[in-house]
Every structure is written in structure tokens, then in C-alpha cells.
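Given next are the chains, with one letter for each unit.
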Amino acid sequence: MYSENIGVVETEAPGEVAGFFMNKMKMSIAIKLDLLLACLWVAVYLAAVFFDLPVSPLVFMVAGVGTVLFVHLSITRKVLTPLQKFIEIADKVADGDVNEGLEDLRLSDLEEVQGSFTKIVGSMIESRVAIEDYMRTISEINKELEQKVDSLSALYYGSQAMGGSLNVDTLVRNFITIFTDRLTVNGAGVMLYNEKTDLVSVKDLIGISPELFAKFRFYSDNQILARIFSDDGYWRPTEQEINLLVAEFESDEMRRIKLMFPMRIKDHFVGLLLLTDKKNGAQFASGDFQLIQAIVGLASTSINNAMLFENSETTKNELDHKVFNLMTLQQSSKVLSSTLDLNELINISIDMFLETVWANKGVLMLFSEERPELEVKAFKGMSKADVDALKKDPAEAWAMTTIEKEKKPIFSQEISGRSYQAYTTVNRELPFAVYVPMLKEGELYGVVKVGAKINGQTFSENDLEFFATLASQAVIAFENARLYSLAITDSITKLYVHRYFQMRLDEEVARSRRYNSTISLLMCDIDHFKPINDNYGHQQGDAILKEVSKILRKNVRNTDIAARYGGEEFAIILPETTQADAKIVAERIRRDVAHFDFPSIIPGQPSVKCSISIGVAGFPLNADSKDQLIQKADSALYKAKGSGRNKVVLCGID
């Protein structure tokens, strides 16, 4: 204690100061040591959890608290308490209490303090080394954990990308994007195996030249597959093997491919994964191979399922299409057998060819009876000018020549195929999407040209089968109609024969009675026809008959029936026609015949002139029955001939 003039200040004794600082130091050392031990136990617990060791949190906490208490009490008793006692003795000596300090001082205590200090220093050194080892281990564990987290993240991304679609193109694109975006690979590609063609071909590429789409393809017996299905589960081509691939597939782009992984599900081969080098230039590690194989396995299942789904959908659509085609063919068979009119059958047929496949235009051609060449019989979705222009189209000329020669369908979508390589010299698109030959006993009967589908789809094999069957049905119907036409048509005039005329007149009279309608009948006779045969010959007479029949057909409607009644006589049934309207038709026929110059069959001879007389009768105005109607019209005809010929006479009026 001391005092000064300005006042008195009391200070604590040195022993008290030393005790204060000693207690503070004891507390600081104990707390730091407790915290260090607690951190160590936490690190050990986290390591145990990471390595999936069976540790109970409660037991581990109790053991940790017990260890901290044990070490705390041991350090306090063995080190800190003797050290405090030593300092107190030193304080007493410093204060002048030498005797009291010497009494308390024992050499054994100093030795005990020294030994405690030695132990604590050794323990601290050992703890530091252990902590450094633990920290190093934790750092390595963290790195492995980060890699596993990245791998799990990539797998999770892959599972999301592979599980969100049943479209093969989408899945393949998502699959290779995982490697280019998530795994930092410069380029990736997928090749898929087609069981029908036994061909492995490129499906999609990223970061690799598209030339591989056309060049890199091979069959399943290629040595590539034997190398890929190795014990390693992948193939890393050597420099020599790369050179062989470049030579085989004629592409330097093969040099960029560093790894090939097989895509398979057990023994089922799905395809291949192609990988180039990494973006950072690093080599693929063992962990990379495990991750890639895991993603490949996931993608193989998803892509295979999508392929099965698409194949099932395709098969279902094909079956639906076939059922629809069969129903259409059944219906078309009924329709085609419902009439024997060739023109009507032709119109029905072209409608069926186009409407069933939703085509935008079409042309139907048949061989002409008079000339051995194909003639347009019907067209749809085009103008006559467009149809006529086809004759000057070189692509159309090539198609027609090819189909007449090969007698098989031509698809414009397959023009680049081997069978049609010569077509490239034309350097033009075909006017129609498909050309279908109509065959009769292996010979070309006609051709149906069908335009593109309205929905933009291409023609399939199912369409081809449908076309072939429909074409066969149409040919049969056309032939039946042609044979029937021959049976009811006069061979010289191409008008209906007398028997068919009688049958149709019966029908029209019955219809007139049922619906209270009118019928007009024209009986026509060429004037002075016998002298023509006598003077010019029967061949000239036949030529005149042909020309007169053409004039008759030109002046009547499609619903009218023109027939050769016999010799040079003709009969025309005009349904739903009054006598006044019938007289107009008759006068037009008479005028055209009188003004026509019939060509001579002898070259250099002048043309022949002739005229025609016509009698007109109506039902029920002039007759009560078919026979009476014929008799009334015939009487009017003879009246016209008896009054000077080249006249039209109406029954009951003239």
C-alpha cells in the first residue's frame, strides 16, 4: 500500500492480482480445451454418419459429454491446481513471506507440476496431429461427397429428363444434352438399332459433325459391337482402331470419338452412346465411367420403352388403317358392282382413290379402244389445262415410260432410290406423289395418278396395298362394264342395240306412268341409204352410219337413250321431254346431218351428202303403251319420208 499528496490510492496485493489472473487463465484454458474436444467429437460423429456407421445420437452425445468432463477434471486437478499452488507460493516469496513460502514449497509438487506440464504439452501435440489428420480426412471426405453430390445431381437430372416423355427423338436429345451440358463433354451422339433392317445408325448428335448421319452406320455383325461389348463395359478405340474406323466409314470425324458405350437391357441391344473428349481436356476417371454407365442404363430403359410405345402406336395405327382400308374396299366393291356404266365407274373409282387417302388431286387413265395408248378418262382437283400440260412435262413423261415398262408403283418420295437414279437427269419433281398401275393378267390396263396428301404425310406400304387392291377391283368392274357395253352396244355405231332399246323403253314408260311424266320418242331414218350402199359400197355406208351416230350422241343428253333400231334406222328415247322440246332436238339433228360432209373412204373422191327424216311421238299424249308409242313414232317417220324426206314430223300435229 502507498500514499501520495494528491490522495490515497489503495492497490491490491501482488498475491491477489496473481490469483485473479490465474483463475482467469484456468477458465480460458479449460473452456478452449472443452470446445476443442466438443468439435472433435462432432467431426467424428459426422464422419460416422457419412460412412453409414450404426451410431446412436444419444449414446454418442453422452460419450462426448463424459469425455469432455473427464478431460476437464483431469486437467484441472493434475495441471491447473498444482500450477495455481505454485504461483501462490511464488507470490508469498515475492511479498517477503519467504519462510511461509518455503514451507509450502515441496519438490514433489514441482515435479508433479513439471510432469503435468509435460503430459499436457504431449497431449496437446498429439491432439494437434490428430486434429490435422481428422481435418485432412474430412477434406477428402468433402471432396468425395461433392463428387457424389454432382453424380447424384446428374443422375437426378437424367432421371427427370428420361422420365418426362415417350417420344424417342426428345429422349435421345435430352440424353446427349446431359453429357454436353452437365458433364462438360465437347460432343455426344446416340446410335439406335433397328431390328427390322438389322442396322445401327445415328439418331442424334451434339458437337459432332452431321456428316456421320449419312456415313456412320453398320449392321449388327460389325466388329464394332464385338469390341463395345467387352468386359470393361465400354470401348476406348486406340489410334490404330481409329484409323481403321476412318477408312471404313470415310470420315475424319471418327477421330473425335473417344468412347463408345453400349445401350442395352440385359441381352436386348438398344444402341450406342458416342462421346468425344472433355471440355477441360481432362481424362475420364473411374468415377466418370461409373456415372456414365449409370446414366446409360437409365437412358436405355427409357428410350427402349419409348421405341416400344412408338412401335405399338405405329402397329395400332397400321391395324386401324388396314381395318379402315378393308371396310373401304368392302364398300367400294359394293359400289363398283352397283352399276355397269363405264363412265360412272371411272368417276367412282377416282373418287375412292383420292378420298380414302385424303389426296389433293388425281388422274385416271385407261388404254383407248381405238388407239393403243393411255388416255385421260377422269381427273379431279385439276383444270383441263393442267391435265393437258402434263403431256409436255419431262418428269411426267419419264414416270409414264417407267410405269409402262416396270408395271409397278412409283413413289415420288423414293425417287432418290436405286431403282430411279436415272430420273435425276430430268432434274424436276414429279407432278404426282404416287403412280399406281392398273393391271389385267399382268398387262398394263390403266394408270391412276394420285397427288400429295392434304395432311402432308407421305404414302405408306399400307396405302400401296390399298391402291393395289382397289385397282384390281376397278379393273374387274371396268371389264364387266366393257363387256356389258359390248353386249348392249352396236359395234359400228356404238349406240345401244335394239334389244337394250326395248328394255329401256319399257322402264321409261313404267316410270312415266308412276310419276305422271312425259316421254318423247324419235324414230330416225337416213334418206336414200340403199343407193349409197349400191353406188359407194357398204364400207362407205358403214362410215356414214358412224358419223350419223356421232351427230346423234352430240345432240342428246346423258339421260337420253340413242339406239340403232335396225339397218339405217335409229331410235332416241327422251325422258321428261315434251313434243315441243323433242322437235327442237330433232330439228337440230336433221340440220347437222344435212349440213355435214361425209368423207369418202376413197382418197381423192368428193365427200358424200345425205339427209335424215325423223318422226316424233309422245307418251302418254299420243300412245297408251310402249308398242303404241313405237307405232305412232314410226308412222310419223313414214309421213316425213312420204312428204319429201329431210323433215321432222310430230304425231298428231303435222
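Rules used throughout
Residues numbered from 1 in each chain as written. Predicted model: local features only at pLDDT ≥ 70, side-chain atom pairs only at ≥ 80, totals over all residues. Heavy atoms only, no water. Patch = residues over 30% accessible without salt bridge, like charges linked within 9 Å, V, L, I, M, F, W, Y side chains within 5 Å. Areas by Shrake-Rupley, 256 points an atom, 1.4 Å probe, with all protein chains shown as cover. Salt bridge = Lys/Arg side-chain N within 4 Å of Asp/Glu carboxyl O. Helix = DSSP H or I, 4+ residues; strand = E, 2+ residues; numbered from the N terminus. Buried < 20%, exposed > 50% of the residue type's maximum accessible area, 1.4 Å probe, protein only. Pairing = 2+ DSSP bridges. Axes fitted to C-alpha atoms, helices over the stretch in contact; angles between N-to-C directions. Contact = heavy atoms within 4.5 Å. Phe/Tyr/Trp six-rings, centres within 6.5 Å; stacked < 30°, edge-to-face > 60°. Lys NZ or Arg CZ within 6 Å of the ring centre and 35° of its normal. Polar contact = N/O pair within 3.5 Å; in protein donor to acceptor, adjacent residues only side chain to side chain. Expected span 1.5 Å × (residues − 1). pLDDT = per-residue confidence, 0-100. Core = buried A, V, L, I, M, F, W, Y, C linked by side-chain atoms within 4.5 Å.

(A) Quick peek at a nonpolar patch on the surface. Residues Leu58, Met61, Val62, Val65 and Leu69 make up a contiguous nonpolar surface patch of roughly 500 Å² in combined accessible area. Position of Val65 among the secondary structure elements: in helix 2 (residues 57-95). A residue is classified by how much of its surface remains accessible, and Val65, at 46% relative accessible area, is partly exposed.

(B) Molecular detail of the pairing of strand 16 (residues 612-619). With 8 of its 8 residues buried, strand 16 lies for the most part within the structure. By the alternation rule, side chains of strand 16 split into Ile612, Ile614, Val616 and Gly618 and Ser613, Gly615, Ala617 and Phe619, which are all buried. Both strand 13 (residues 519-526) and strand 16 contribute to a ladder of 8 bridges, which runs antiparallel. The partner of Leu521 across the bridge, within strand 16, is Ala617.

(C) Structural context of the pattern of salt bridges. Under the defined criterion, the tally for this structure stands at 29 salt bridges. With a closest N to O distance of 3.4 Å, Glu508 and Arg504 form a salt bridge. One end of the pair, Glu508, and the other, Arg504, are both in helix 14 (residues 498-515), 4 residues apart, so they sit about a helical turn from each other. This pair shows no difference in class: Glu508 is buried, exactly as Arg504 is. The closest approach of N and O atoms between Lys609 and Asp597, which form a salt bridge, is 3.0 Å. Here the residue Lys609 occupies a position in the loop between helix 17 (579-595) and strand 16, and Asp597 occupies one in the loop between helix 17 and strand 16, the gap between them amounting to 12 residues. When its relative accessible area of 46% is taken as the criterion, Lys609 is described as partly exposed.

(D) The arrangement of the sheet that holds strand 14 (residues 561-566) in detail. With mixed pairing, the 5 strands of this open sheet are ordered in space as 14-15-13-16-17. Looking at strand neighbours, the two that pair on one side only are strand 14 and strand 17 (648-650), the edges of this open sheet. Neighbour to neighbour, the strand axes of the sheet diverge by 20 degrees on average, direction disregarded. Along the sheet, helix 17 makes contact with strand 13, strand 15 (569-575), strand 16 and strand 17, crossing strand 16 at roughly 165 degrees. Seen against the sheet, helix 18 (residues 626-642) touches strand 13, strand 14, strand 15, strand 16 and strand 17 and runs at an angle of roughly 150 degrees to strand 16.

(E) Broad picture of the pairing of strand 15. Of all 7 residues in strand 15, 7 are buried; the element is thus mostly enclosed. Across 7 bridges, the pairing between strand 13 and strand 15 is antiparallel. Looking across to strand 15, one finds that Ser520 is bridged to Leu574. The sheet contact formed by strand 14 and strand 15 spans 5 bridges and is antiparallel. Across the sheet, residue Ala563 finds its bridge partner in strand 15, namely Ala571. Between strand 14 and strand 15, which pair antiparallel one after the other, the connecting turn spans 2 residues, and Gly567 there sits at a positive phi close to 60 degrees.

(F) Quick look at the packing of aromatic side chains. Applying the stated criterion to the full structure yields 17 aromatic pairs. Ring centres of Phe216 and Phe249 lie 4.8 Å apart, and the angle between their planes is 80 degrees; this geometry places the pair in the edge-to-face category. Taken together, the residues Phe216 in the loop between helix 6 (212-215) and strand 5 (217-219) and Phe249 in helix 8 (residues 239-249) connect sequence positions 33 residues apart. Both residues of the pair, Phe216 and Phe249, count as buried. Taken together through their ring pairs, the aromatic side chains of Tyr234, Phe261, Phe284 and Phe289 make up a single cluster. Positioned above the aromatic ring of Phe432 is the side chain of Lys361, whose terminal nitrogen or guanidinium carbon lies 5.0 Å from the ring centre.

(G) View of the sheet that holds strand 3 (residues 188-194). Spatial strand order, 5-4-3-7-6: 5 strands in an open sheet with antiparallel pairing. Among the strands making up the open sheet, the edge pair consists of strand 5 and strand 6 (259-265). Put simply, the sheet's adjacent strands are angled 25 degrees from each other on average, direction ignored. Relative to strand 7 (residues 268-275), strand 6 runs antiparallel, the two sharing 7 bridges. By the bridge assignment, Pro262 is partnered in strand 7 with Leu272. The strands touched by helix 5 (residues 168-182) within the sheet are strand 3, strand 4 (199-206), strand 6 and strand 7, with strand 4 carrying the most contacts at an inclination of about 60 degrees.

(H) Region of interest: the side chain of Asp490. Structurally, Asp490 can be placed in the loop between helix 13 (461-488) and helix 14. Here Arg564 takes part through its side chain, which lies 3.3 Å from a polar atom of the side chain of Asp490. With near-sequence residues (within four places) excluded, Asp490 lies in contact with Leu495, Tyr496, Val497 and Arg564.

(I) Structural context of the environment of Ile526. By the secondary structure assignment, Ile526 is in strand 13. Once the C-alpha coordinates of Ile526 and Lys641 are considered, the two residues, 115 residues apart in sequence, prove to be 9.7 Å apart. If sequence neighbours within four positions are ignored, Ile526 has contacts with Ile544, Leu545, Val548, Glu568, Phe570, Cys610, Ser611, Ile612 and Lys641.

(J) Expanded view of helix 10 (residues 342-357). Over its 16 residues, helix 10 extends 23 Å from the first C-alpha to the last, a length consistent with the 22 Å expected when each residue adds 1.5 Å. Here helix 10 has its buried residues at Leu345, Ile346, Ile348, Ser349, Ile350, Met352, Phe353, Leu354, Thr356 and Val357. Two residues or fewer past helix 10, Trp358 is found with a positive phi of approximately 55 degrees.

(K) Quick look at the confidence of the model for the protein chain. The pLDDT averaged across the protein chain works out to 80; a share of 77% of its residues lies at or above 70. Low pLDDT, under 50, characterises residues 1-14; the predicted model gives this stretch 8 contacts beyond four residues in sequence or across chains.

(L) Here's a closer look at the nonpolar core. Met438, Val450, Phe459, Phe467 and Phe478 are the most contacted members of the largest nonpolar core, which totals 32 residues. Only helix 10, strand 8 (362-367), strand 11 (434-440), strand 12 (443-450) and helix 13 provide two or more residues apiece to this core. With residues up to four places along the chain from it excluded, the contact list for Phe478 reads Leu342, Leu345, Ile346, Ser349, Leu364, Leu366, Met438 and Tyr445. Residues Val172, Ile206, Leu273 and Ala299 belong to the second largest nonpolar core, which totals 30 residues.

(M) Representation of the side chain of Gln579. Inspection of the secondary structure assignment puts Gln579 in helix 17. Within polar-contact distance, the side chain of Gln579 engages the backbone oxygen of Cys651 at 3.3 Å.

(N) Region of interest: unusual backbone geometry. Going from Phe619 to Pro620, the amide bond is cis rather than trans, its omega being 10 degrees. As for its position among the elements, Pro620 is in the loop between strand 16 and helix 18. The phi angle at Trp358 is positive, at roughly 55 degrees, despite the residue not being glycine. With respect to the element layout, Trp358 can be found in the loop between helix 10 and strand 8.

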